[in-house]
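Residue-level structural notes
One-letter residues, chain by chain:
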Amino acid sequence: MVRAGLTTERVVEAAADLADSIGFDKVTISALARGFGVKDASLYSHVRNLHDLRTRVALLAAGEFIDRISAAVAGRAGKDALVGFADAYRAFALERPGRYEATQMRVDPEIVAQSAAYHRTIETTGAMLRAYGLAEPDLTDAVRLLRSTFHGYCALEASGGFGAPRDVQASWERSVEALHFLLEHWPSATGGKTDGKTDGKAGEGEDGHG
């Protein structure tokens, strides 16, 4: 990378790429500056500090994440949408590990409130789950279940945590199929199947990554 033409966008993109290479938690101003061949001070014209840099990477990653998920679920509903959502989630987590780790960062709620990417994530996840007839509080419960399942599976797969000879892809497909069955037979917190009507958004207060 060359020094000329440094912009905030280039710095954040480079930080995201570095995160994919060495891990989000290992990204520092010094490591990024070395990649650009500049002094640390040169980057402070573009980011305030390390926390600001990591927050910007998290926002960038959130946008790329929901772009991939939105494309995967477009025009689909029910099981087809769930499969598209799940597969896009897993692909992003495994192909962009640093960026994915950044999406798990706890971002200031005021920044989240102004982020189009986070709002799109909540809306996309909510639309998929409302197609199953879920309403609050079941929507939020379902968001948390999906997020926990997808995140846990991807984290274990990335770390080589699955040691049994059973094919990991086959287990993934069966897991998503089981989630579809559960969503179709969701045990409503209010008694009986929900009618899909809600005044709120799925996962409101969560980060929305199903």
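All residue numbers refer to positions counted from 1 along the written sequence of the respective chain. Residues qualify for local features only when their pLDDT is at least 70, as the model is predicted, and side-chain atom pairs are given and counted only at 80 or more; totals for whole chains, interfaces and linings, by contrast, use all residues. The side-chain values count all of the structure's non-hydrogen atoms but skip hydrogen atoms and water molecules.

Comments concerning the pattern of salt bridges
Salt-bridge detection follows one rule: a side-chain nitrogen of Lys or Arg within 4 Å of a carboxyl oxygen of Asp or Glu. The final tally for this structure, using the stated rule, is eleven salt bridges. Here D17 makes a salt bridge to R99, at a shortest N to O gap of 3.0 Å. In this pair, D17 sits in helix α1 (residues 8-22) while R99 sits in helix α6 (residues 97-103), placing the two residues 82 residues apart along the sequence. The classification of residues rests on relative accessible area computed with a 1.4 Å probe and restricted to protein chains. Under 20% of the type maximum is buried, over 50% is exposed, and intermediate values are partly exposed. On the basis of relative accessible area, D17 is assigned to the partly exposed category, the value being 34%. Only DSSP runs of H or I reaching four residues or more are called helices, and only runs of E reaching two or more are called strands; each is numbered from the N terminus.

Things to note about the environment of A155
Along the chain, A155 falls in helix α9 (residues 138-158). In this structure A155 comes out as partly exposed when scored by relative accessible area, which is 37%.

A word on the nonpolar core
What we call a nonpolar core is a set of buried Ala, Val, Leu, Ile, Met, Phe, Trp, Tyr and Cys residues that are connected through their side-chain atoms within 4.5 Å. Judged by nonpolar contacts, the single largest core of 58 residues is most densely connected at L32, L43, L53, L82, L129 and F150. Only α1, α2 (29-36), α4 (50-73), α5 (78-95), α6, α8 (116-130), α9 and α10 (168-184) provide two or more residues apiece to this core. Broken down by element, the residue count for this core peaks at ten residues, all from α4.

Overview of unusual backbone geometry
Outside of glycine, negative phi angles account for most residues, and trans bonds account for most peptide bonds. Following E136, the chain continues into P137 via a peptide bond in cis, with omega recorded as 5°. Positionally, P137 belongs in the loop between α8 and α9.

Description of α5
Taking 1.5 Å as the rise per residue, α5 with 18 residues should run 26 Å; its terminal C-alpha atoms sit 26 Å apart, in good agreement. All buried positions along α5 are accounted for by G78, A81, L82, G84, F85, A86, A88, Y89, R90, F92 and A93. The elements touched by buried residues of α5 are α4, α6, α8, α9 and α10. Given a helix with a known number of residues, its expected span is that number minus one, times 1.5 Å. Contacts are assigned to residue pairs that have any heavy atoms within 4.5 Å of one another.

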